[in-house]
Every structure is written in C-alpha cells, then in structure tokens.
Protein chains: 2
Amino acid sequence: MITRMSHLFVRTLREDPADAEVPSHRWLVRAGYIRRVAPGIYSWLPLGLRVLHRVEEIVREEMNAIGAQEVLFPALLPAEPYKATNRWTEYGDTLFRLVDRKGSDMLLGPTHEEMFTLMAKDQCSSYKELPLTLYQIQIKYRDEARPRAGILRGREFVMKDSYSFDIDKAGLDASYQAHRAAYIRVFDRLGFDYVIVQANSGAMGGSASEEFLAVSPNGEDTFVRSPGGYAANVEAVQRPLAAEVDASDVPAAQKHATPDSPTIDTLVAQANALFPRADRQWVAHDTLKNVIFNLRQPDGTVEPLAIGLPGDREVDDTRLAAAVSPAEVEAFSEEDFEKFPQLAKGYIGPAGLKAAGVRYLLDPEVVPGTAWLTGADTAGYHVINLVAGRDFQIDGHLDVAVLRDGDQAPDGSGPLSLARGIEMGHIFELGTKYAEALGLKVLDADGKLQTVTMGSYGIGVSRAVAVVAEATCDDKGLCWPRSLAPFDVMVVATGKGDEIAEAAEKLAADLDASGVSVLLDDRKASPGVKFKDSEILGTPTCVVVGRALAQGNVEIRDRRSGRARLVPLADALPEVLTEIEI
Amino acid sequence: MITRMSHLFVRTLREDPADAEVPSHRWLVRAGYIRRVAPGIYSWLPLGLRVLHRVEEIVREEMNAIGAQEVLFPALLPAEPYKATNRWTEYGDTLFRLVDRKGSDMLLGPTHEEMFTLMAKDQCSSYKELPLTLYQIQIKYRDEARPRAGILRGREFVMKDSYSFDIDKAGLDASYQAHRAAYIRVFDRLGFDYVIVQANSGAMGGSASEEFLAVSPNGEDTFVRSPGGYAANVEAVQRPLAAEVDASDVPAAQKHATPDSPTIDTLVAQANALFPRADRQWVAHDTLKNVIFNLRQPDGTVEPLAIGLPGDREVDDTRLAAAVSPAEVEAFSEEDFEKFPQLAKGYIGPAGLKAAGVRYLLDPEVVPGTAWLTGADTAGYHVINLVAGRDFQIDGHLDVAVLRDGDQAPDGSGPLSLARGIEMGHIFELGTKYAEALGLKVLDADGKLQTVTMGSYGIGVSRAVAVVAEATCDDKGLCWPRSLAPFDVMVVATGKGDEIAEAAEKLAADLDASGVSVLLDDRKASPGVKFKDSEILGTPTCVVVGRALAQGNVEIRDRRSGRARLVPLADALPEVLTEIEI
C-alpha cells in the first residue's frame, strides 16, 4: 500500500524545539517522528513508530536465532519480589511506586530480573530444562532525575531484556557468548559505530559484564580505550598499581606551617614560598589529597570513608558511586567533623584518619616508598616527606580518580584515551544473586537441588532509534540507513500537469508492487517545500518526477551523498530496485 | 524455523488453577499460555504471546485498510489533560494514580481520548487535514474492583484504541461507519459468535454508540435482542411507555393499616388477608415500590433520587449507574432518613416524596390511569387505588428496572430475550466533548475556527485471546481457529526407533519449508502424555508419526472434530497443506 504525504499524519517543523539538546532529538521532533508528552515521556508518530518497529524486528530475529523465546511481562508489578531482593529500596527515587485500590504496593518495572526468576522457578524443575533463555520487548519505567535528549534518556522507554538460566558457570558462559554474538549482529544491522567495553573490573571480583556503547560526542558515558585493544567504561577501569619506590634516602617527615592553604593550589604556592625543594618546584602531583565521604549502606548504617589521591587528581563521582554500590555516597558535613575532632578540615592527614578510626583507601599511585606533602591534622599545618609504608600504613587501594588521557590500561596494552558513548546494550553474568534471593533451584544430574545461575542482557530499543538518528543525521535532517528507514523510497512529484502526477503515481505503484515501501509526495506544495521535507524525513532514496519528465527522465537522489542522476522514466523501476538492493 | 517441544518454554498443568472461574482462564493457564503475576495482571508465555501477536496483526491490517494511521502513546501520562476533562476525578478508584520524583501527578492511561485530542491539536490547523483517524495498539490500565477470569477482565491489558477527527457530523458518521465495517471484518476473522448491540439509547440524547459483544454464557454483560433484529446492551434499552389507562371508575384512594409489611411479599400477603380484591388476588405487580438513593455529582454535591416501579421489578444497578452517570449512586442511610421526616422507611409513597421535595421518577409501566398499592408514608400503612396522574403527579420516567425475557423492544420489533456477552469492541460518536474541553479547533472552508468532532473506537486485543479461547475450547483443552493458532500444525513423534524420529523431523522440515508454522513434539515422553499435551495446546491439525509408519502411514488428526485418518507418509505434506489451505 502506497503511503501518501497528503494523507500521512506528519507536520515538519521549520524551527528547532526549545528543549532540544542534541541533533537526534532536534530532528526526530522536527521531522514529526516523536512528540513530547511530559519530561522524558514521548509519543511515537507514524514515521517514528515505523522505525521503532523495524528496530524491534531486527532485535527479535537475532534473539530468536540464538534460541531465545519471547514472552511478555506486565509493566505494572507487585512490590513483593522487589522487596525480597531489596531493589524496592535500592532503586531509590528512580522507581515509580504506586498503591492500588486495595492498598497493595506496586511498581512500574525498571527491569525484570525478579519476575523472570520467578517465572523460571514456576516452570522449571530439572537441569534437563536448561539452558533456557527468555526475552521480551517491553516498556520500562525509570524516574530519571534528569531525563534528557528526547528518547535518548526517557522515563518510559522500550527495552529488549533477556535472561539466561543455566545449571553451571560453563553454561552461563556459553549463554553469555551467544548473546554477545547476537548483539554484535543486531548493532551491525542497525548500522552505527559502537564499541564493546568492559563494564565490570576483575578487581572487584565480578563476573563478565560488557557494555555496547554507541560512539558519540553527545554520549553521557565516558569510556576509555588503549591502542592494544582494551576498552572499558570508566567504572570498570582499575589503573595498575604504580611501581614501589626505594625511599631509603628520603629524610624523615617534617611538619611545616602553611597558613591559609586549604586547597591544593594554595598549598603548592605556600610550599614553594616557605620550604622550596632543592631539585624542582613543588607541584600538585607531590601532594596527597585526602577526601572524606559518608557511605550510607542499604540497611541505613552510615560510616565514613577517606580516599587519598595525588593532588592533581579529582574523585570521579560516577566511579566512586559504582565502586561503593549498593552503598550511597553522602557529604561529610560540619557536624560530622565535630564528631571526629582528630580530623582538621582542609588539613586531613593519614595520622588523623588513623586516630579517628576512619577507613582509608589509597589511589594506585600511592604505593610503598612514595613520599608526599599532605595534611598534618592541624589547621594551617602540612607535613612533607611522609612516606607511604614507612610513615603511614597502606590498608588498601581504591581507584576512583577521574581518568585522564595517557593513564595506563590495566592489561598493559598501552595508554588510555577517553571518548564518549551512549549505552546501547549491556550483557552481564548475574550469577546466583536473584536465584538465591527468590529460591530458583532445580535438580541436577545427581538428583540434588542446585541454584540456577543467570545472565541478564539488555538492548535499548527506543534509544536505538535516537542513536541511529544521531549517528546518521546531517545539517539537512534525518538520514536513515536502509535497515531502519520508515520507507525505502520517497517519490516526489513536482510541477503541474497531469503527466507528472500520473507518472509519479504509476512509478509509486510499480515500486509498491515490487515489495518496496513507498512514500509518495502527492501534495499541492512547492518543489522547495517538498525537497526540504524529503530531506528532513530522511528516506535514503528519493525519486523526483518533475521538469525532467518533458525529456522523458526522472531524477534519482541519494539522501546521504546528495548525488542526483537522471534516468529515463522507463528505467526508473529497475534502477531504484538495484540501488536499494531488492 | 521448527519449534521443538523439547525446547519450548511450556509446562502444561494436569490440574485446574484454584482461581480459574471460566474455561478460557482454566485452559490458558493449564496449557501454559499465560501466568498470573498479581490480581488481574498476567504474563504472556511463548504460546500465548504468539496468539496475542496474531490478534494484533489482524487488527492492524484492518485498521490500516480503512486508512487509520498507527501511533503509540505512553502509558504513563501527566494528569493535567485528565484534570481538564474532569476524568482525573470521574474515574474514581479505577484510575492508577502516582506521583513522580518532582511531585507531579501522573496516571496510567485507562484510555487516551485526551492525549489524541491534544496530538491532533498540535498537528492540525485546517479542515483540509481532516478526516483523520489515528490508532494505537497499546497497554491500558484500570484498577478494577473485581478483576476476573484471567485476561478477560484484567487490570493491565492490551487495547486497540482509535480516534477519528472530522470537521462535521457527516464526516463523523462516515468515520463511524468505516470503523463499524472494519470491526465486523476483524471479528469475523477472529472467528467467534458476536452481536452488535446499541450501547446508547436515543432517549438519552446521545450519539451513535454500539458495542460488539461476544455471545458467551460467561459474559459479564447482559444484552437483549428481539425477533425483529433489535439488539442492545441493558444500559441502552428504554422500554416503551405503557398505554395510558382509563381510571374513571377506579374508586378514591384508600389508606389501610398493613402492620409489619415493609417488603413486597409481606405487603401482598397482608393485602390479601386484610383487604382482599373482589376480582382476583393482590400480586406484587399491583404494588408500586419506591426506592430511594443518593446521587453524588462529580462536584461533590449529593441529592436524593426516588424511583417508583412495580413491586415485581428490581432496580438494575448497572442500568441505574449508566443512567445517572457521571453522578454516582450511594445508599440512602438511616441518617438521611432522619433528615427527611416526611419519608417513612419501608412505607414511602408519592405524597411523602413530594412533601420531602425529593426528585421522583417512574418506571415506564407507571403511566396516567394506572392504579397502585403503595406506601402511605406512615409506618404500618399503605394506600390502595392510588392512581397515577390523578392522585400523584408524573414528573418523569426513568427505566432502570431489571429487564426480563418478554419485555417489549423499544422499536416495536417484538419481545426481548436476554443473553450474556463479553464486550469486545465499542464504537462511539464522541462529538465535541473532548475537542471543546481541550480546545481542538481548525479553520473550516470559510476560514473560521471550528471545533473538531470526534469518534472513539476500541477493541480489547488481549481480551480477544480469552474470548476466542472461551468460544472454541472443549473438555480436552484449547482448540484454536486457524486464524489465531500459535502453530499451524503439530507433528507428534510417538514410539521408539530412528525411522520414526527421522520421518517426523523430515515432515516437520518439509512443512516449515512450505511456509507452515510447525511445533514438533520430539520429547522422550509417552504417547499418552504427548497426545494429551497436543489436545491441551489446541493446534488445529496434528500429524502423528508413530506405529502406523511400519505400514508407511501417518495419522492426520483434526483437533476440533477429533477425526483421524491415515495417509501414506509420502502424501502427508500435500494432504496437510490442503487441510490448512496454504
């Protein structure tokens, strides 16, 4: 069936929407693909929905191809399973909670680990029923603090989530690898530049976890990669420990008055003025900055944590949050300082932290033998030549500093460089966490009950529409790859005269009969308006039936390259079919 | 791709689920199509989801065929538009309400008139853009007081809702008729017995409104039909007014003591004992029962309403609720009686109601000249020969009595008979209600702003799965029509031996290659288990590859008729293709 612009429910906008921060958002709204209903909540108009359905179909095909079975869970869920795993609390304000007319706690599912675990528990009793992989393409809800960029980070969004169930780790690894391969096929077919990054550092004892990030300057996530092929999100990176240093000729630690030097800059200036080094200037990297936070555990208990890192580094909030999760980071307040008189604000040193009994973890650069200029636990005083392992004890390391270009990859594959990306997929070996919490056990080959081991895998389906739009749009509008375009071909009739309208109608009908999806611009509008709309809408191929028809020709335009060529009307059908490879 | 029972995520149950009230619910659960997550909230397992998707595809095709355009709205919606139309309040406890992290009121959409109206307002400015019909296949939420019968009345369910936008009534009528025709095609294709009933009585001044009811003894809705072709739901019926009676020889009204006669039965007994009629016994139909309620208006005001009807009739709560909507019916309490001393509980009469200033509406059988035995407004007293129009005034009629077989159709087409049905579709000329409330106007041909007129149309998509299951299942399990079956054919291999397994595999592969969807039962299980499962699952055609193969035959079984016939293995493929008409 030919779709006609005169009938299609679309109104392109000549102006950018006021709230559009990124190109994909701007063009999806201007081209009439989506409309905002509330912050982070969008409607899909006919063109947008066609693209969304195409993404869904690609994901469905590749999931089916690895033997995953499609199911569909409700979005509105009872609270009990999420209370059993503690996520009812852990999700904090991100969870949409409600109460039904009977007073039962309910939630809008942010992800469905609990529900799938319970479904497998309901249906499976033997290892013979495993391996099992289930998936759904379903609407998820997260009450994001800062929904942004249209459908790139929404509060209601479509996700493909799947879950694998295996009797042992070898099975889980196989399920994980099958998903990894399927995701590569999905993202290759969607057609954007992506990178697979480690999302979980081995150092934290976690299982395999990788993210598929669309490489994009507008991405919210920072990731790193090395020339040797290492790639990870910043949360997963553990910089290697620096080499130990021989400190045998470092003089004894010495305390100095450093009036009014609560910041690294003022401290370095004071040091160079009051007790200059013989060999070179003091620099920020010579200082050991001790930062203190409170950690609130899920059970409500709060305890302080101090991190010592070179003064030229900052703590990365995202990395810190990931490292201490599920605990939450809170500020260490003036009242907290009053509770710990051993700590002098702005002048905290290792000795004060030890006296106060505060847990103290060090940056990987702070290793035995390194000497530091750091706080002397008295306002207005610092200490120099304080040697790690000699003058204070190293109880452990925690790498949560902001990463920099040139930091070394953990696997020795060279210096890291930073880039930005958008999380499009996540594959994760969950292990037995949910199966244990909810009692999912099956009989193994020996007839013994054994806890099932699970994987969890997600693709942002609605987000993919924005990511592909972002990766492919240009300064004229959307510019879809053939795999996702709402229509294969747009036929634009320009100029007056029955011959033009008739030729355009016939070409559109012939294309339609050949299995090509066609959008026919049959409106009474100027060629300029029609060309502009065809560019904004982003159909990959456009056939213009207009002035050239007088010489028996039509024009085939390629949206991406902008190239146009004249072909005889009689050749238009085979030429277009060749171009779009049907 | 062949689906294998050894791999399929399904576990059939030998026992009925405890909460299953109707056959469709029982079998959909037992056959592993759906699973309960919370009251009125279900998950779709692979087999169920296949059927759901088939229903969706049929609905989508027929909606596209009438030029309706598919969009998709969020389920999570801002409250403002629903406050503007007052439905935020009117929906009462049926609406799932929540508050987001910023404190904004939100809701889970029970239906989307407001949102579609706003979308049209955002995109349309001229009558030239009309007629316009938009639809979505989307998940809806209603916090039903009594969710029941599995997915027949759920709290989360899939609905196709569409909305038409026209510049005038003629356009609306055309859009309405196009939907009516599309719905007939949809329900014919789904394959169940349905009836189209009036859902809105002309007497109430409403626009066209019809429901498509699946005829089912387990239906929640009662409808009526006449031999002359009239059909309506009970809310829409207005019984014709009875013929007026000449009361010139009825004696004057007379008061009688009727001690302890607060009910119709006790009253009739007392009357026959204390003041017998000369011509015949007093019967319940001679009495005029006056029932009093409170009506709570949406603005919170409450006022009483009395209904007078023959004593052998009861008030139908559903009809009353529909008649007074959007007001809600509440009980008239002891305290209310104290406020109206003119009303004697159990002995209310027209005089007392008039004295109390209570609005009093009469059943269509209470017409001028009819004489009644009714309350005398004093405890223990009734009055006889109280003639309507002579002894008390008729201020209006309201037909909210429980209907009975034999009541007359409003259009004179004969006596009504009652039946039960399940609402599957509803088409409704909304008119300008929402367009006015939300300001949807476009320029008409004269360049004047004109309010758009709308229609609203719904199909219960997930409910259709249950309705078809209900209409087609038998005492062995589900029994799908070909249009909805999760698989076209099930191939069951029974008995040992490689030849059997290989022949079954080959037949399944050949069918698959011919475009038939195949479920192959390749499990190591007894023939009895396999046959029972194949019956429960309800695939229309089953091919058994088993003992008969020794003679070169396989058995083709028809699930509905139970008929089985042997055919040579070599003929199985064409025979099956003929049977399923591919």
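The structure presented is a predicted model; accordingly, all values stated were derived computationally and were not measured.

Caption draft 1: Expanded view of the relation of the copies chain B and chain A. Overlay of chain B on chain A (RMSD 0.3 Å): rotation 179°, translation along the axis 0.1 Å. Each copy turns onto its partner about a two-fold axis. Among all C-alpha atoms of chain B, that of Leu 98 of chain B lies closest to the rotation axis, at 2.8 Å.

Caption draft 2: View of unusual backbone geometry. Following Leu 130 of chain A, the chain continues into Pro 131 of chain A via a peptide bond in cis, with omega recorded as -5°. With respect to the helices and strands, the residue Pro 131 of chain A is situated in the loop between α5 (113-123) and β8 (132-141). The phi dihedral of Asp 260 of chain A is positive, around 50°, even though this residue is not glycine. Note on placement: Asp 260 of chain A falls in the loop between β14 (254-257) and α7 (264-274). What makes Asp 260 of chain A exposed here is its relative accessible area of 65%. Notably, Asn 86 of chain B is not glycine yet its phi reads approximately 75°, a positive angle. By the secondary structure assignment, Asn 86 of chain B is in the loop between α3 (80-84) and α4 (87-90).

Caption draft 3: Structural context of helix α8 (residues 317-324) of chain B. Residue and element names in this part refer to chain B. Inspection of α8 places Arg 319, Leu 320 and Val 324 among the buried residues, and these make up the whole buried set. Seen along its axis, α8 keeps its buried residues to an arc of 115°; they face one direction. The elements touched by buried residues of α8 are β15 (287-296), β16 (302-310) and β17 (328-331). Here α8 starts with a cap whose side-chain oxygen sits 2.9 Å from the backbone nitrogen of Thr 318, and that cap is Asp 316.

Caption draft 4: Here's a closer look at the side chain of Lys 289 of chain A. Residue and element names in this part refer to chain A. For Lys 289, the position within the fold is in strand β15 (residues 287-296). Taking the relative accessible area as the measure of exposure, Lys 289 reaches 15% and is therefore buried. Among the polar contacts listed, one links the side chain of Lys 289 to the backbone oxygen of Arg 313, at a separation of 2.7 Å. Every residue in contact with Lys 289, bar those within four places of it in the chain, is listed here: Ile 264, Ile 307, Gly 308, Leu 309, Pro 310, Gly 311, Arg 313 and Glu 314.

Caption draft 5: Expanded view of the domain arrangement of chain A. All names here are of chain A. The domain boundaries assigned to chain A delineate domain 1 (18-237 + 418-469), domain 2 (254-387) and domain 3 (489-579). Here domain 1 and domain 2 have C-alpha centroids that lie 38 Å from each other. Counting residues at the interface gives 6 residues for domain 1 and 8 residues for domain 2. Buried surface at the junction of domain 1 and domain 2, summed over both partners, amounts to about 520 Å²; 59% is from carbon and sulfur atoms. Where domain 1 touches domain 2, the interface holds 0 salt bridges. Where domain 1 meets domain 2, there are 2 residue pairs in polar contact (both at pLDDT 80 or more). Class assignment of the residues belonging to the side of domain 1 that touches domain 2 gives a composition of 3 nonpolar, 1 polar and 2 charged.

Caption draft 6: Fine view of the pairing of strand β26 (residues 518-521) of chain A. Residues and elements named next belong to chain A. Side chains Val 518 and Leu 520 project from β26 onto one buried face, and the interleaved Leu 519 and Asp 521 project onto a second face that is buried too. Relative to β26, strand β1 (residues 3-4) is paired through 2 bridges, and the arrangement is parallel. Counterpart to Arg 4 in the pairing with β26 is Leu 520. The β-α-β motif built from strand β25 (residues 489-493), the intervening helix α13 (residues 498-513) and the parallel element β26 has right-handed crossover chirality.

Caption draft 7: Region of interest: the packing of helix α2 (residues 46-65) of chain A against helix α6 (residues 169-190) of chain A. All names here are of chain A. For the pair α2 and α6, interaxial distance at closest approach is 9 Å and the crossing angle is 150°. Judged by the inter-axis angle, α2 sits roughly antiparallel to α6. α2 and α6 meet at a crossing whose hand is right-handed. Listed contacts from α6 to Val 55, Ile 58, Val 59, Glu 61, Glu 62 and Met 63 of α2 are His 179, Ala 182, Tyr 183, Arg 185, Val 186, Arg 189 and Leu 190. In the contact of α2 with α6, the residues fall into 8 nonpolar, 1 polar and 4 charged.

Caption draft 8: Highlighting the interface of chain B and chain A. Facing the 56 residues of chain B at the interface are 56 residues of chain A. In total, chain B and chain A occlude about 4,800 Å² of area from one another, counting both sides; carbon and sulfur atoms represent 59% of this. Of all residues in chain B, the largest losses of buried area upon contact with chain A belong to Phe 9, Arg 101 and Gln 123 of chain B, amounting jointly to 17% of the total for that side. Linking chain B with chain A are 8 salt bridges. The residue Arg 101 of chain A makes a salt bridge to Asp 93 of chain B at a minimum N-O spacing of 4.0 Å. Summed over the shared surface of chain B and chain A, the number is 24 residue pairs in polar contact (both at pLDDT 80 or more). Looking at the side of chain B that touches chain A element by element, the count peaks at 6 residues for helix α2 (residues 46-65) of chain B. The residue inventory of the side of chain B that touches chain A, partitioned by class, reads 32 nonpolar, 9 polar and 15 charged.

Caption draft 9: Summary view of the sheet that holds strand β7 (residues 105-108) of chain B. Residues and elements named next belong to chain B. A sheet is described by the order of its strands in space; here 3 strands give the open sequence β5-β7-β6, paired in antiparallel fashion. Two strands bound the open sheet, and with one partner strand each, they are β5 (76-78) and β6 (96-99). Across the sheet, the axes of successive neighbouring strands diverge by a mean angle of 35°, strand direction being ignored. Of the strand pairs in this sheet, β5 and β7 are connected by 3 bridges, and their pairing is antiparallel. Directly across from Pro 78, in β7, lies its bridge partner Met 106.

Caption draft 10: Just the sheet that holds strand β26 (residues 518-521) of chain B, in detail. Strand order across the open sheet formed by 6 strands is β1-β26-β25-β27-β28-β29 (chain B), with mixed pairing between neighbours. Every interior strand has two partners, whereas the edge strands, β1 (3-4) and β29 (564-568) of chain B, have only one.

Caption draft 11: A look at the pattern of salt bridges. For the structure on display, the rule yields 94 salt bridges over all chains. Among the ionic pairs, Asp 122 of chain B bridges to Arg 35 of chain A, the shortest N-O distance being 2.9 Å. Here the residue Asp 122 of chain B occupies a position in helix α5 (residues 113-123), and Arg 35 of chain A occupies one in strand β2 (residues 34-38), the pair thus bridging two chains. Classification of Asp 122 of chain B by relative accessible area gives partly exposed; the value is 40%. In this structure, Arg 153 of chain A and Glu 220 of chain A form a salt bridge, with 2.4 Å as the shortest nitrogen-oxygen distance.

Caption draft 12: Just the packing of aromatic side chains, in detail. This model, assessed by the stated rule, comprises 29 aromatic pairs over all chains. Relative to Tyr 194 of chain B, the ring of Phe 192 of chain B has its centre 6.1 Å away and its plane inclined at 70°; by these criteria the two rings are edge-to-face. Accessibility expressed as a relative area gives 9% for Phe 192 of chain B, which makes it buried. Using a relative accessible area of 18% as the deciding quantity, one classes Tyr 194 of chain B as buried. Seen in terms of ring centroids, Phe 332 of chain B and Phe 340 of chain B are 6.0 Å apart; in terms of plane orientation they differ by 40°. Their pairing is tilted. Three or more aromatic residues link up through ring pairs in this structure, and these residues are Tyr 183, Phe 187, Phe 192, Tyr 194 and Phe 212 of chain A. Stacked on the ring of Tyr 381 of chain A, the Lys or Arg Lys 255 of chain A has its end atom at 5.3 Å from the ring centre. Directly above the ring of Phe 531 of chain A sits Arg 557 of chain A, whose terminal nitrogen or CZ lies 4.2 Å from the centroid.

Cut-off values and rules
- Residues numbered from 1 in each chain as written.
- Chains lettered and ligands numbered in written order.
- Predicted model: local features only at pLDDT ≥ 70, side-chain atom pairs only at ≥ 80, totals over all residues.
- Heavy atoms only, no water.
- Least-squares fit on C-alpha atoms with pLDDT ≥ 70 in both.
- Helix = DSSP H or I, 4+ residues; strand = E, 2+ residues; numbered from the N terminus.
- Buried < 20%, exposed > 50% of the residue type's maximum accessible area, 1.4 Å probe, protein only.
- Arc of directions from axis to C-beta.
- Contact = heavy atoms within 4.5 Å.
- Polar contact = N/O pair within 3.5 Å; in protein donor to acceptor, adjacent residues only side chain to side chain.
- Domains from an automatic or database assignment.
- Buried area = accessible area lost by both parts, 1.4 Å probe.
- Salt bridge = Lys/Arg side-chain N within 4 Å of Asp/Glu carboxyl O.
- Nonpolar A, V, L, I, M, F, W, Y, C, P; charged D, E, K, R; others polar.
- Pairing = 2+ DSSP bridges.
- Right-handed = clockwise from strand over helix to strand, strands pointing away.
- Axes fitted to C-alpha atoms, helices over the stretch in contact; angles between N-to-C directions.
- Parallel < 35°, antiparallel > 145°, perpendicular 65-115°, else oblique.
- Left-handed = near helix turned anticlockwise from the far one by under 90°.
- Phe/Tyr/Trp six-rings, centres within 6.5 Å; stacked < 30°, edge-to-face > 60°.
- Lys NZ or Arg CZ within 6 Å of the ring centre and 35° of its normal.

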